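Results of the structural survey
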Amino acid sequence: MAGLKMRHDGVEQAKLRSKFRCPLMNRITGVCSCENPCSTSKFGRTVHLAMKDNPRLISYPNACMEDISYLPDRNLDADLLLRLGTCKYISDFRNVVVQGATGSGKTYIATALGVAAIRQFYQVKYIRLPDLLCDLQTARAMETFRTVVNNYAKIRVLILDEWLLYPLSEEESRDLLEIAERRYHTATTILCSQFTVSGWFDKIPNPLLADAVCDRIAHDAYTVTLGGKESMRKLMGIPQDEK
């Protein structure tokens, strides 16, 4: 049945993957309570998430939109997050910018969005922007640049963490534009950034390239802004009286 939250069913360490199964399937009896089962498998519809492609999603396999913390000082837009949880923005080929200071919980929210997309059977890949740029640099040296760009272009939902955390070189800026152009209106990108869009221009030295990159991403993006006086890592960490 479409729209149901897939149930996390553990991690297969030997195969480096995490499993999500249909919540209506009884694993003991092999009977699905849905009137129109979406799979004839004994275990029901199953989605596997590769660890090597999504280390953050494996670190937080239970991250979900329902468990996002709405502390008052975070100033989160609950209505926007509820709409994003439906994943309609993916079918509309829109992007999401998750913006906030260090420790505000950007990666968790991006992870929750990624898990929600997986439960809707979308392909998802998480990667830090520095690692993506390194992949492209290596591909250029190995003469496989076009193949790697094509692979990134085909990923339905790409989560880019540490977006423009530091200034890019001219070559890195051109590579980023190549990815942005190839994914424009054909796929969805979720960005985690410490800066607003206006701050991105300071990280791409060439103003023409900066304008081209931002134009292909920002105008089709929903923005989730996170506040908070305390780091979420601190709030969720070991209490001071237990250290």
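Residues numbered from 1 in each chain as written. Predicted model: local features only at pLDDT ≥ 70, side-chain atom pairs only at ≥ 80, totals over all residues. Heavy atoms only, no water.

1. Digging into the side chain of S104
To be explicit about the condition: Only DSSP runs of H or I with at least four residues qualify as helices, and only runs of E with at least two residues qualify as strands; both kinds are numbered from the N terminus onward. Only protein chains enter the area calculation, which uses a 1.4 Å probe; residues under 20% of their type maximum are buried, those over 50% are exposed, and those in between are partly exposed.
With respect to the secondary-structure elements, S104 resides in the loop between β6 (95-99) and α4 (106-119). For S104, a relative accessible area of 7% gives the class buried.

2. Here's the deal with the sheet that holds strand β7 (residues 124-128)
In plain terms, the rule: Strand pairing follows a simple DSSP-based rule, namely that at least 2 bridges must link the two strands. In this analysis, axes come from line fits to C-alpha atoms, helices being fitted only over the stretch in contact, and the angle between any two N-to-C directions falls in the range 0 to 180 degrees.
Pairing within the open sheet is parallel, and its 5 strands lie in the order β7-β8-β9-β6-β10. The open sheet has two free edges, formed respectively by β7 and β10 (221-225), since each of these has just one partner strand. In this sheet, adjacent strand axes meet at a mean angle of 15° when their direction is disregarded. Taken together, the 5 bridges between β7 and strand β8 (residues 157-161) define a ladder with parallel strand orientation. Across the sheet, residue Y126 finds its bridge partner in β8, namely I159.

3. Considering empty space enclosed by the protein
Under the convention used in this document: Two kinds of site are reported from a 1 Å grid over the protein atoms alone, namely cavities, where a 1.4 Å probe fits but cannot get out, and pockets, open sets with protein on both sides within 12 Å along at least five of seven lines, and residues are called lining when an atom falls within 4 Å of a point. Grid points are joined across faces, edges and corners, and a volume is the space filled by probe spheres set on the points. Charged means Asp, Glu, Lys or Arg here, nonpolar means Ala, Val, Leu, Ile, Met, Phe, Trp, Tyr, Cys or Pro, and polar covers whatever is left, Gly included.
What the rule picks out here adds up to 2 cavities of 30 Å³ or more. Together, 14 residues line the largest cavity, and I179, A180, R183, T189 and I217 are the ones closest to its centre. A total of 4 residues in the lining of the largest cavity trace back to one element, the largest contributor, which is helix α7 (residues 170-183). Split by residue class, the lining of the largest cavity holds 10 nonpolar, 2 polar and 2 charged. If you add up the space inside the second largest cavity, you get close to 50 Å³. Taken together, 10 residues form the lining of the second largest cavity, with C22, C32, C38, S39 and R45 sitting closest to its centre. Classifying every residue of the lining of the second largest cavity gives 7 nonpolar, 2 polar and 1 charged.

4. A closer look at the side chain of K106
Inclusion rule: Two residue types count as positive, namely Lys and Arg, and two as negative, namely Asp and Glu; His and chain ends fall outside the count. What counts as a salt bridge is simple: a side-chain nitrogen of Lys or Arg found within 4 Å of a carboxyl oxygen of Asp or Glu. Polar contact is the term for a pair of N or O atoms within 3.5 Å; when the atoms are in protein, one must be able to donate a hydrogen and the other to accept it, and sequence-neighboring residues count only if both atoms are side-chain atoms. Residues are treated as being in contact if the distance between any of their heavy atoms lies within 4.5 Å.
Of note, K106 is situated in helix α4. As a buried residue without a salt bridge, K106 has its nearest oppositely charged side chain in D161, at a separation of 6.3 Å. For K106, the side chain forms a polar contact with the main-chain oxygen of A101, separated by 3.0 Å. Beyond its immediate chain neighbours, meaning those up to four positions away, K106 contacts V98, Q99, G100, A101, C192, S193, Q194 and L226.

5. Some words on helix α6 (residues 145-154)
Worth spelling out the cut-off: Note that the arc is computed from the directions linking the helix axis to the C-beta atoms.
Looking at α6, one finds that the buried residues are F145, V148, V149, Y152 and A153. The arc enclosing the buried residues of α6, seen along the axis, measures out at 140°, which places them on a common side. Those residues of α6 hidden inside the fold are in contact with β7, α5 (129-141), β8 and α7.

6. Topic: the pairing of β8
For clarity, the threshold we go by: By definition, the crossover connecting two strands over a helix is right-handed if that path, from the first strand to the second, turns clockwise as seen with the strands pointing away from the viewer.
Of all the 5 residues making up β8, 5 are buried; the element is thus mostly covered by neighbouring parts of the structure. Of the two faces of β8, the one holding V157, I159 and D161 and the one holding L158 and L160 are both buried throughout. With 4 bridges joining them, β8 and strand β9 (residues 188-193) adopt parallel strand pairing. Note on β9: the bridge partner recorded for I159 is I190. Crossover β8 to β9 through α7 is right-handed.

None of this, on its own, says anything about what the molecule does.
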